[in-house]
Amino acid sequence: MAQVSQRPAPDTIRVLDCPLPGRHVLVVGGGPVAARRVDALATSPHPVTVVATHLCDDMFDLLAERRITWENRAPRPSDLDGVWLVHAASGDAALDALVGRWVEAVRRAKVSAESLPS
């Protein structure tokens, strides 16, 4: 019986395009998974900010190439201010879930505000 390789499929990244250039992108996490995502996102006309306490070598390369900006700290809810896209890839499931809850809270607040009568 032949052994089947258990290697994961290579990352497939589809960069979302927004008709308005300059929309901010936030990536939470500085490891290899985040670096692969950022590599694709950094080719868009949107500025990418990475918030992480540590960066892997690939992420440092992106920083050295000035393709991203880096905030050397833990993420906070205010990081979502003015952000168009958020990608949580910290490698910490609890932190990624927390960021997801922050995003959902911002989305709900925005929808509520938009539904108020003018």
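Residues numbered from 1 in each chain as written. Predicted model: local features only at pLDDT ≥ 70, side-chain atom pairs only at ≥ 80, totals over all residues. Heavy atoms only, no water.

Trainee: I'm lost on the sheet that holds strand 1 (residues 24-28) in this one. Help?
Mentor: Strands in a sheet are paired, the pairing made by backbone hydrogen bonds, and the direction either parallel or antiparallel. Taken together, four strands build an open sheet; the order of strands is 3-2-1-4 and the sheet is parallel. A strand with exactly one partner marks an edge of an open sheet, and here the two such strands are strand 3 (69-72) and strand 4 (83-88). The average undirected angle you get between the axes of adjacent strands in this sheet is 20 degrees. In this sheet, strand 4 lies alongside strand 1 in parallel orientation, the contact comprising five bridges. Bridge pairing links Val27 to His87 in strand 4. (Pairing = 2+ DSSP bridges. Helix = DSSP H or I, 4+ residues; strand = E, 2+ residues; numbered from the N terminus. Axes fitted to C-alpha atoms, helices over the stretch in contact; angles between N-to-C directions.)

Trainee: Help me understand the packing of aromatic side chains in this model?
Mentor: Pairs of aromatic rings are described using the distance from one ring centre to the other and the angle between the two planes. Within the structure shown, the criterion is met by one aromatic pair. Pairing Phe60 with Trp70 gives two aromatic rings, centres 5.7 Å apart and planes at 80 degrees, and the pair type is edge-to-face. Separated by 10 residues along the polypeptide, Phe60 in helix 2 (residues 57-64) and Trp70 in strand 3 bring together distant segments of the chain. Assessed through its relative accessible area of 39%, Phe60 is described here as partly exposed. (Phe/Tyr/Trp six-rings, centres within 6.5 Å; stacked < 30°, edge-to-face > 60°. Buried < 20%, exposed > 50% of the residue type's maximum accessible area, 1.4 Å probe, protein only.)

Trainee: Would you explain unusual backbone geometry in this entry?
Mentor: Keep in mind that most residues, glycine aside, have a negative phi and that most peptide bonds are trans. Unlike most non-glycine residues, Arg66 shows phi in positive territory, near 60 degrees. For Arg66, the position within the fold is in the loop between helix 2 and strand 3.

Trainee: Whenever I open this one, the nonpolar core confuses me. Can you help?
Mentor: When a protein is soluble and globular, its nonpolar side chains tend to lie buried together. The biggest cluster of nonpolar side chains holds 17 residues, and the ones touching the most others in it are Val27, Val38, Val48, Val50, Met59 and Ile68. When residues of this core are traced back to their parent elements, those giving at least two are strand 1, helix 1 (32-41), strand 2 (48-52) and helix 2. With four residues, helix 1 is the single largest residue contributor to this core. The residues contacting Val50, other than those within four sequence positions of it, are Val27, Gly29, Val38, Leu55, Met59, Ile68, Thr69, Trp70 and Glu71. Core analysis: the next-biggest nonpolar cluster, separate from the first, contains six residues, Val51, Leu80, Val99 and Trp102 among them. (Core = buried A, V, L, I, M, F, W, Y, C linked by side-chain atoms within 4.5 Å. Contact = heavy atoms within 4.5 Å.)

Trainee: Explain helix 1 here, please?
Mentor: Given 3.6 residues to a turn, an α-helix orients residues that are three or four positions apart in the same direction. Within the sequence span of helix 1, burial applies to Ala34, Ala35, Val38, Ala40 and Leu41. Residues of helix 1 that are buried sit in contact with strand 1, strand 2, helix 2 and strand 4.

Trainee: Would you explain the packing of helix 1 against helix 2 in this entry?
Mentor: Describing two packed helices takes the angle between their axes plus the distance from one axis to the other. Packing of helix 1 against helix 2 brings their axes to within 8 Å, and their N-to-C directions diverge by 30 degrees. As the angle between them shows, helix 1 and helix 2 are arranged roughly parallel. Between helix 1 and helix 2 the crossing geometry is left-handed. Counting all contacts with helix 1, which are made through Ala34, Ala35, Val38 and Asp39, the residues of helix 2 involved are Asp58, Met59 and Leu62. Taken together, the residues of the contact of helix 1 with helix 2 break down into five nonpolar, no polar and two charged. (Parallel < 35°, antiparallel > 145°, perpendicular 65-115°, else oblique. Left-handed = near helix turned anticlockwise from the far one by under 90°. Nonpolar A, V, L, I, M, F, W, Y, C, P; charged D, E, K, R; others polar.)

Trainee: Sorry, what's going on with the pattern of salt bridges here?
Mentor: Side chains that differ in sign of charge can pair as their charged atoms come close. In total, this model carries six salt bridges according to the counting rule given. Taking the shortest distance from any N to any O, the salt bridge between Asp39 and Arg67 comes out at 3.0 Å. Taken together, the positions of Asp39 in helix 1 and Arg67 in the loop between helix 2 and strand 3 put the pair 28 residues apart, joining distant regions of the chain. The partner of Arg73 in a salt bridge is Glu71, with the nearest N and O atoms 3.7 Å apart. Each member of the salt-bridge network shares a partner with another, and the members are Asp39, Glu65 and Arg67. (Salt bridge = Lys/Arg side-chain N within 4 Å of Asp/Glu carboxyl O.)

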